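# Survey of secondary and tertiary structure
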Amino acid sequence: MPVFSVMSTLDPHERVPQHMELQLLPDDDLMDLWEQTQQAAWAMEGRGWDAGGALRYSGLLVWEMQRRLACRPPAQRFGTGAAPAESPGSPWRPLRAEK
């Protein structure tokens, strides 16, 4: 049983699988939930408690974040996809193949 659940107030017979309920969250909420799960796991471990459930749920959150990232086009994954403009004094120049 996870430490946190998005739909924990539902009757157990009405609940959807955890990986499906995570798909309903916006990106920011998913990241917030991951941070809260990490803090809970650290607190539990600090008190000598078993944090296995929190760590497994954290793994589900990471899996969902990775799934979303992989489904996005490359230009949306890491910014605009455009290379920065080259300036004369910039140390960041494209590498050229040596002959």
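A brief structural summary. None of these values were measured; they are calculated from a predicted model.

To continue, consider the environment of W34. The residue W34 is located in helix 2 (residues 27-46) in this model. The class for W34 is partly exposed, based on a relative accessible area of 26%. Expressed as a C-alpha distance, the spacing of W34 and M65, which sit 31 residues apart in the sequence, is 9.7 Å. Setting aside residues up to four positions removed in sequence, W34 forms contacts with S58, L61, V62 and M65.

Further remarks concern the side chain of R68. Mapped onto the elements of the fold, R68 is located in helix 3 (residues 52-71). Excluding residues within four positions of it along the chain, R68 makes contact with L22, Q23, L25, P26, D27 and L30.

So, about the nonpolar core. Judged by nonpolar contacts, L22, L25, L30, L33, Y57 and L61 together constitute the single largest core of six residues. Taken together, the elements giving at least two residues each to this core come down to helix 2 and helix 3.

Bringing the pattern of salt bridges into the picture now. By the definition in use, this model includes four salt bridges. With its nearest N and O atoms 2.4 Å apart, the salt bridge here joins D27 to R72. One end of the pair, D27, is in helix 2; the other, R72, is in the loop between helix 3 and helix 4 (74-77), and 45 residues separate them in sequence. Look at D27 and you get partly exposed, because its relative accessible area is 36%. Between E64 and R67 there is a salt bridge whose closest N-O contact spans 2.7 Å. Note that E64 and R67 are positioned in helix 3 at a spacing of three residues, about one turn of the helix.

Quick notes on the rules
Residues numbered from 1 in each chain as written. Predicted model: local features only at pLDDT ≥ 70, side-chain atom pairs only at ≥ 80, totals over all residues. Heavy atoms only, no water. Helix = DSSP H or I, 4+ residues; strand = E, 2+ residues; numbered from the N terminus. Buried < 20%, exposed > 50% of the residue type's maximum accessible area, 1.4 Å probe, protein only. Contact = heavy atoms within 4.5 Å. Core = buried A, V, L, I, M, F, W, Y, C linked by side-chain atoms within 4.5 Å. Salt bridge = Lys/Arg side-chain N within 4 Å of Asp/Glu carboxyl O.

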